[in-house]
Amino acid sequence: MEKEQLNFVVIGHVDHGKSTLIGRLLADTNSLPEGKLESVKAFCEKNSRVFEYAFLLDALKEEQAQGITIDAARCFFKTQKRDYMIIDAPGHTEFIKNMITGAAKADACFILIDAKEGIQKNSKRHGYIVSLLDIKQVVVIINKMDLVNYSKEVFDNIQKEYNEFLTNLGINAIRYIPVCARDGENILSLSKNMEWYKDLNVIEQIDDFKPKGKNIEKKFRFPIQDVYKFTEGDDERRILSGKVVSGTINAGDEVVFFPSNKKSIIKTIEIFPKNDIASIEAGFSCGFTLNDPLYIKSGEIMCKTKEQSFPQVSRRLKVNLFWMGEANLLIEKSYKIKIGTLETIAKVTEIINIVDSSELSNNIEKKTQINKYDVVQCVIETAKPISFDLVQDHHYTGRFVIIDNFEIAGCGIVTGSLSNENLAIDQYVKEREIKWDFGLISREDRAKRFGHKSKFILITGKKGTGKRELAIRLEKKLFESNYNSYYINVANLTDGLDVDLSDSIFDKEEFVRRMGELARLFTGCGIIFITALDDIDDYDLEKIKKLNMPYEILVVNIGENNYEKFSVNLNLQANPNINLATELILEELKKQEIILEYYL
Amino acid sequence: MDRIERLEAESIFILRDAYKYFKTKNLGMLWSIGKDSTVLLYLARKAFFGHIPFPLVHIDTHYKIPEMIEFRDKIALEWKLDMIYGENSEALQKKYTFPDQKVDRLTCCKYLKSDALKHTLSGEWQRYRLDHNLKKYIKDAKTDPFNGVIVGIRADEEGSRSKERCFSPRSENNEWNVGDQPPEVWQYFNTDFPKGCHIRIHPLLDWTELDIWEYIKKENIPVISLYFDQGQGKRYRSLGCYPCTTPINSISKNVDEIIEELKTGKLANIAERSGRAQDKEDGGGLENLRRDGYM
Ligand SMILES: Nc1nc2c(ncn2[C@@H]2O[C@H](COP(=O)(O)OP(=O)(O)O)[C@@H](O)[C@H]2O)c(=O)[nH]1
């Protein structure tokens, strides 16, 4: 009989008795290697130390030397019912990263509280973390009942206080168990010293945990992990790969992708080395080929059209966030985030509420950073619209991490999708223009002197479509007609202004920002500024347009027009006739009254 | 979906993330020819739909049991693997080895495995690459370092391995800071790293020895015959160099019998690597070797 292993984690403030509890569970269920218990006992005797069940866990020399559990080490044990993996999450604040790592894998969790010491700041923090990690089954163990004379009153008081706290976080603890871990009371059998407690003991509780649901009943979600086209051996397949995180799907089903909104039909389901797979369900890593040769990117979410259950698409997310980075998280600073299978750029634009903080003053107004171990409710804004779910709908696509200094430094869950109004960039541009020192010469003064208004002409299109040729000829034509035109090839920025940028998504974002700011500077001087860009999408264009404001942009696209949201001003064939193309652009400039007819 | 299927799905997910983030940064996979890394190799074929889009790296100590090398090359040709091996030619030449009685077992491991691995990955020492037309190894002209290395270790093998992350950064000197590792949360791994650092990727951490054998059975994965009793009542449970590896007493002749043997708990109280003499030299030896880059 196949028994699926269940993972649970034990979380608690340091010295509240985690290791003792785990040592006891291992010893009492005969899960220790033969002779282990005896040898540890003998070791203690020889070194005149009192034997501790906690010693059993010290797998590493180093740990024994330090006397603290340094990582979410795993131990295994089994009961009649099934196999278990215990994740021992260290309680020391310094090791919170390890605790998070361990606890994120758990199906269920025990929060341990010392009856004598009561609820510590850390016990609360552990509650916040459990709610952020979205662990559904929570049981609270009140340990060291021997130190409070097995008093029901003490137990009840702690239960009452802590339960109120957990309820506020949306956690419904399954039950509270009073134990004395050291003496094994209420672990494997009920304790004589606490006859007032008649509910499940710890082992019974463990057997009572439910394994994680398989999500098959839920609506279908397939976040695209990667897209493969291996050519070796004449392989023609273009495979969308990933893991089915919920629901089921059949070959022949119609699918739709988010945020791109593209549609197609599943041609084949791919699992090496099988052929002809008719359907696949949640939990499996597989691949799909489509009837149409769509350009789908990693990070998109594939859904079934007929289910009509689609993810959110937005640029603004309301989230709960736990920060554990060495450096504080700065509001308005761009960070790399991962959500679902997408990696993108985002920033926190607003703190809504500080849930837990090590700082004394909780003044949200003045808060411009999120400190280490803060739990906050905030708004995250991504550089481009992304697709995601609310955590209560689909947890896989409803939780995210933030990366800083090469490490996962924050994690959180999405609780809301906000409208795209009030985007940070609009706010920024507005403020920038208010603060701008315009000197004594107005925009109109310049236009009058130059005989034309300023404009940013951006030529887009794939590589090799004749963008540069058009740009330089246009510059010359304008110049010869007495207009102040200036062309910049972006390649010239690479070694200068943009020398610090690499090809990471992060730097691409920064490149776009600088382009927009640069355009604002040139258009501000009153000239017609011309440049050409390839590999630029709807949202980049939108961003550049906004950053160039209050001045105007004119976008000329050459070749295939892939812009769905951004409407370009002119669309020309690839490698256009240059004279004709410059004429068309001049026409457009006249139409917009950038240059005036009679000046020509 | 049973346990094995779940483990398979997770390992494939990790392999694909490794490829996603490291394909442009020189990714390679270590293949020791043993059962674990052979399962890993098979999982990679699954992850990439029959292809393996990165090279396999083997460290040849030249004291490997000869069948292992035969097996390696047979599979490499059959599965069209981009196969590379490296070695510590200087130590071998000067006979700084345990079998030559010049150094102790642990030092020998350090020279022939850790050092060879480190310098093969960094590209400082000569690598040999399998030429599929000539069917033999030729000197590899490429010397760029591997920045991502996929390794088939399991958490249940011994203490220090249970502290590993799926994506684990190693500093320039191959150092591993056990106490201060970045967190791994949910399906997210640490895939960014500073220059000079490289990443070890561990898709098999959650597998047990029994899982490995059950998967070998389910998918009919070829493994080397040394794992089976050939009639002498002995078989290898873990493979290494012949001077330091001894078979265990067991009469399991095939995969089914090994699964039975593991399930009934006959081996429950014997460590899996008990046939590996270097582990015994010193209690914390393996952890020290791991910090130095030994897998
Ligand atoms: N009196 C009493 N002491 C306990 C009990 N459980 C654990 N301890 C002691 O509390 C101390 C800390 O326990 P340990 O398990 O190491 O705590 P951890 O830091 O949470 O792993 C040790 O000295 C234990 O002996 C208990 O039920 N009663």
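Residues numbered from 1 in each chain as written. Chains lettered and ligands numbered in written order. Predicted model: local features only at pLDDT ≥ 70, side-chain atom pairs only at ≥ 80, totals over all residues. Heavy atoms only, no water.

Peer 1: How should the overall build of chain A be read in this particular structure?
Peer 2: Counting its regular elements, chain A contains 14 helices and 27 strands. Here chain A, with 600 residues, has 55% of them falling under the buried criterion. In chain A, the proportion of contacts linking residues at least 24 apart, taken out of those at least 6 apart, comes to 72%. Split by element, the accessible area of chain A, about 27,800 Å² in all, is 49% carbon and sulfur. Averaging the locations of the 81 positively and 90 negatively charged side chains of chain A gives two centres separated by 2 Å. (Helix = DSSP H or I, 4+ residues; strand = E, 2+ residues; numbered from the N terminus. Buried < 20%, exposed > 50% of the residue type's maximum accessible area, 1.4 Å probe, protein only. Contact = heavy atoms within 4.5 Å. Areas by Shrake-Rupley, 256 points an atom, 1.4 Å probe, with all protein chains shown as cover. Lys, Arg positive; Asp, Glu negative; His and termini not counted. Charge placed at Lys NZ, Arg CZ, Asp CG, Glu CD.)

Peer 1: So what exactly am I meant to see when it comes to the overall build of chain B here?
Peer 2: Summing up its helical and strand segments, chain B has 8 helices and 10 strands in all. Here chain B holds 295 residues, and the buried ones make up 63% of them. Here the analysis covers contacts within chain B between residues at least 6 apart in sequence; of these, 71% occur between residues at least 24 apart. Accessible surface computed for chain B: about 11,300 Å², of which carbon and sulfur atoms make up 48%.

Peer 1: Whenever I open this one, the pairing of strand β13 (residues 285-290) of chain A confuses me. Can you help?
Peer 2: For a regular strand, side-chain orientation follows a simple rule: the groups alternate between the two sheet faces. Residue and element names in this part refer to chain A. Where burial is concerned, most of β13 is hidden: 6 out of the 6 residues are buried. Neither face of β13 is exposed, since S285, G287 and T289 on one face and C286, F288 and L290 on the opposite face are all buried. Sheet topology places strand β8 (residues 239-243) next to β13; 4 bridges connect them, and they run antiparallel. Each bridged residue has a counterpart across the sheet, and for G242 the counterpart in β13 is C286. In the sheet, strand β11 (residues 263-270) pairs with β13 via 4 bridges, with the strands oriented antiparallel. Looking across to β13, one finds that T268 is bridged to T289. (Pairing = 2+ DSSP bridges.)

Peer 1: I'm lost on the packing of aromatic side chains in this one. Help?
Peer 2: Within a pair of aromatic rings, the relevant descriptors are the distance that separates the centres and the angle that separates the planes. On inspection of all chains with the given rule, the structure shows 40 aromatic pairs over all chains. Directly above the ring of B:Y21 sits A:K338, whose terminal nitrogen or CZ lies 4.1 Å from the centroid. Taking the ring centre of B:F22 as reference, the NZ or CZ of B:K25 above it sits at 5.8 Å. (Phe/Tyr/Trp six-rings, centres within 6.5 Å; stacked < 30°, edge-to-face > 60°. Lys NZ or Arg CZ within 6 Å of the ring centre and 35° of its normal.)

Peer 1: What's the story with the pairing of strand β21 (residues 399-404) of chain A in this structure? I'm lost.
Peer 2: Residues and elements named next belong to chain A. Most of β21 sits inside the fold, with 6 of its 6 residues counted as buried. Bridge count between strand β17 (residues 335-339) and β21: 4 bridges; the pairing is antiparallel. For K336, the partnering residue across the bridge sits in β21 and is I403. Between the antiparallel neighbours β21 and strand β22 (residues 407-418) lie 2 residues, among them N405 with a positive phi of about 50°.

Peer 1: Before we go on, may I ask you to explain the domain arrangement of chain B in this structure?
Peer 2: For interface size, the figure often reported is the accessible area lost on association. All names here are of chain B. With domains assigned, chain B is organised as domain 1 (3-207) and domain 2 (209-279). Between the C-alpha centres of domain 1 and domain 2 the distance comes to 22 Å. Each partner contributes to the interface: domain 1 provides 37 residues, whereas domain 2 provides 28 residues. Summed over both sides, the interface between domain 1 and domain 2 buries roughly 2,900 Å², with carbon and sulfur atoms accounting for 68% of that surface. Sorting the residues of domain 1 by area buried against domain 2 places I4, K35 and I65 first, and these three jointly supply 23% of that buried surface. Linking domain 1 with domain 2 are 2 salt bridges, by the criterion used here. Joining domain 1 to domain 2, the criterion identifies 6 residue pairs in polar contact (both at pLDDT 80 or more). When contributions to the side of domain 1 that touches domain 2 are tallied by element, the ones reaching two or more residues are α1 (3-22), α2 (35-47), α3 (66-78) and α5 (105-122). If one sorts the elements of the side of domain 1 that touches domain 2 by residue count, α2 sits on top with 7 residues. Looking at the side of domain 1 that touches domain 2 residue by residue, the classes come out as 18 nonpolar, 3 polar and 16 charged. (Domains from an automatic or database assignment. Buried area = accessible area lost by both parts, 1.4 Å probe. Salt bridge = Lys/Arg side-chain N within 4 Å of Asp/Glu carboxyl O. Polar contact = N/O pair within 3.5 Å; in protein donor to acceptor, adjacent residues only side chain to side chain. Nonpolar A, V, L, I, M, F, W, Y, C, P; charged D, E, K, R; others polar.)

Peer 1: Got a minute to help me understand the domain arrangement of chain A in this structure?
Peer 2: The domains assigned to chain A are domain 1 (5-208), domain 2 (222-307), domain 3 (313-422) and domain 4 (438-591). Inter-centroid distance (C-alpha atoms) of domain 2 of chain A to domain 4 of chain A is 38 Å.

Peer 1: What exactly am I supposed to notice about the confidence of the model for chain A here?
Peer 2: Detail in the predicted coordinates should be disregarded across regions flagged by low pLDDT. Per-residue confidence for chain A averages 89 on the pLDDT scale, and 93% of its residues sit at or above 70. Segment residues 59-72 of chain A is flagged for pLDDT under 50; beyond a separation of four residues in sequence, or across chains, it makes 41 contacts in the model. (pLDDT = per-residue confidence, 0-100.)

Peer 1: Would you mind going over the interface of chain B and chain A with me for this structure?
Peer 2: At the junction of the two partners, chain B supplies 58 residues and chain A supplies 65 residues. Contact between chain B and chain A buries roughly 5,400 Å² in total, counting both sides, with carbon and sulfur atoms accounting for 53%. Per-residue buried area on chain B facing chain A is highest for B:F49, B:W186 and B:Y188; these three make up 16% of the total on that side. Our count for the chain B to chain A interface comes out at 2 salt bridges.

Peer 1: Would you mind going over the site of the ligand with me for this structure?
Peer 2: All names here are of chain A. Residues in close proximity to the ligand total 17 residues, the closest being D15, K18, S19, T20 and E52. Between G17 and the ligand, the recorded distance is 3.0 Å, taken from a backbone N or O atom to an oxygen atom. Separating an oxygen atom of the ligand from a backbone N or O atom of A181 is a distance of 3.0 Å. In isolation the ligand has 580 Å² of accessible area, and contact with the protein removes 84% of it. (Near = heavy atom within 4 Å.)

Peer 1: Even after reading the chapter, I still don't get the sheet that holds strand β25 (residues 528-533) of chain A, so can you show me in this structure?
Peer 2: Sheet strands pair by backbone hydrogen bonding; their relative direction is either parallel or antiparallel. Residue and element names in this part refer to chain A. Across the sheet, 5 strands lie side by side as β24-β25-β23-β26-β27; this open sheet has parallel pairing. Among the strands making up the open sheet, the edge pair consists of β24 (485-487) and β27 (570-572). Strand-to-strand twist across the sheet, computed as the mean angle between neighbouring axes with direction ignored, equals 20°. Strand direction decides the pairing type here: strand β23 (residues 455-461) and β25, joined by 6 bridges, are parallel. Along β25, the bridge assignment pairs I457 with I530. (Axes fitted to C-alpha atoms, helices over the stretch in contact; angles between N-to-C directions.)

Peer 1: Would you mind going over the confidence of the model for chain B with me for this structure?
Peer 2: In the predicted model, chain B carries a mean pLDDT of 88, and the fraction of residues at 70 or more is 87%. Taken together, the chains of this predicted complex give a pTM of 0.83 and an interface ipTM of 0.92.

Peer 1: I tried to follow the environment of A:I187 on my own but got confused; where do I start?
Peer 2: Residue and element names in this part refer to chain A. Relative to the helices and strands, I187 resides in the loop between β6 (176-178) and α7 (202-208). Judged by its relative accessible area of 0%, I187 is buried. Residues I187 and L200, spaced 13 residues apart in sequence, show a C-alpha to C-alpha distance of 9.3 Å. For I187, the residues in contact, after removing those within four places along its chain, are L21, R24, L25, D28, V179, A181, N201, V202 and I203.

Peer 1: It is not clear to me how unusual backbone geometry should be interpreted in this structure. Could you clarify?
Peer 2: Trans is the prevailing form of peptide bonds, just as negative phi is the prevailing case for residues other than glycine. A cis geometry characterises the amide bond from A:F258 onward to A:P259, with omega recorded as 5°. Residue A:P273 is reached from A:F272 by a cis peptide bond, and omega for that bond is -5°. Within the fold, A:P273 resides in the loop between β11 and β12 (279-281). Positive phi outside glycine occurs at B:F49, with the angle close to 55°.

Peer 1: Sorry, what's going on with the packing of helix α4 (residues 96-103) of chain A against helix α5 (residues 121-132) of chain A here?
Peer 2: The geometry of a pair of packed helices is captured by two quantities: the angle between their axes and the separation between those axes. All names here are of chain A. With their axes 11 Å apart at the nearest point, α4 and α5 run at an angle of 40° to one another. Taken together, the axes of α4 and α5 are oblique relative to one another. As for how α4 packs across α5, the hand of that crossing is right-handed. Facing I96, M99 and I100 of α4, the residues of α5 in contact are R125, H126 and I129. Within the contact of α4 with α5, the residues separate by chemical class into 4 nonpolar, 1 polar and 1 charged. (Parallel < 35°, antiparallel > 145°, perpendicular 65-115°, else oblique. Left-handed = near helix turned anticlockwise from the far one by under 90°.)

Peer 1: Help me understand the side chain of A:K367, please; the structure alone is not making it clear to me.
Peer 2: All names here are of chain A. Considering the arrangement of structural elements, one finds K367 in the loop between β18 (342-356) and β19 (369-370). Note on K367: relative accessible area 11%, which makes it buried. A polar side-chain atom of K367 sits 3.5 Å from a polar atom in the side chain of N371. Within the structure, the side chain of K367 is placed 2.7 Å from the side chain of D374, a separation counted as a polar contact.

Peer 1: Help me understand the side chain of A:R82, please; the structure alone is not making it clear to me.
Peer 2: Residue and element names in this part refer to chain A. Tracing the chain through its elements places R82 in the loop between β2 (73-78) and β3 (83-88). For R82, which is buried and forms no salt bridge, the nearest opposite charge comes from D207, at a distance of 4.8 Å. Separated by 2.9 Å, the side chains of R82 and Y84 make a polar contact. Looking at R82, its side chain comes within polar contact range of the main-chain oxygen of D207, at 3.1 Å.

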